[in-house]
Amino acid sequence: MPTITVFTFNGMSCGHCGRTVTAGLNALPGITGVSADMQAGRIIIESAQPLDDDQVRAAATSAGFALGDRL
């Protein structure tokens, strides 16, 4: 059964930003889908198993964005 993880985000305001962070997060092992909801200010991550928050945050930071709270 897939795991859904949701984070708030900071600093993303356009589709290009969403695609950039989505590509960075999709590179993590076990992630099966990522979507950025710009209006709600959330990143929704689907994975095969629970994720390590530090790895997710590091991947987002490498893509140039900061994740906020995990919801």
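Residues numbered from 1 in each chain as written. Predicted model: local features only at pLDDT ≥ 70, side-chain atom pairs only at ≥ 80, totals over all residues. Heavy atoms only, no water.

When its secondary structure is counted, the protein shows 2 helices and 4 strands. If you list the helices and strands of the protein from N to C, you get β-α-β-β-α-β. Computed over the C-alpha atoms, the radius of gyration of the protein is 11 Å, within 12% of the 11 Å expected from 2.2 N^0.38 for a compact globule of 71 residues. Projected onto its principal axes, the C-alpha positions of the protein cover 30 × 20 × 20 Å. When the 71 residues of the protein are sorted by exposure, 37% land in the buried category. (Helix = DSSP H or I, 4+ residues; strand = E, 2+ residues; numbered from the N terminus. Rg over C-alpha atoms; globule rule 2.2 N^0.38 Å. Buried < 20%, exposed > 50% of the residue type's maximum accessible area, 1.4 Å probe, protein only.)

Using the criterion set out here, one finds 1 salt bridge in the structure. Residue D53 pairs with R70 through a salt bridge whose shortest N-O separation is 2.5 Å. With D53 in helix α2 (residues 53-62) and R70 in strand β4 (residues 66-70), the pair connects residues that are 17 residues apart, well separated along the chain. Note on D53: relative accessible area 23%, which makes it partly exposed. (Salt bridge = Lys/Arg side-chain N within 4 Å of Asp/Glu carboxyl O.)

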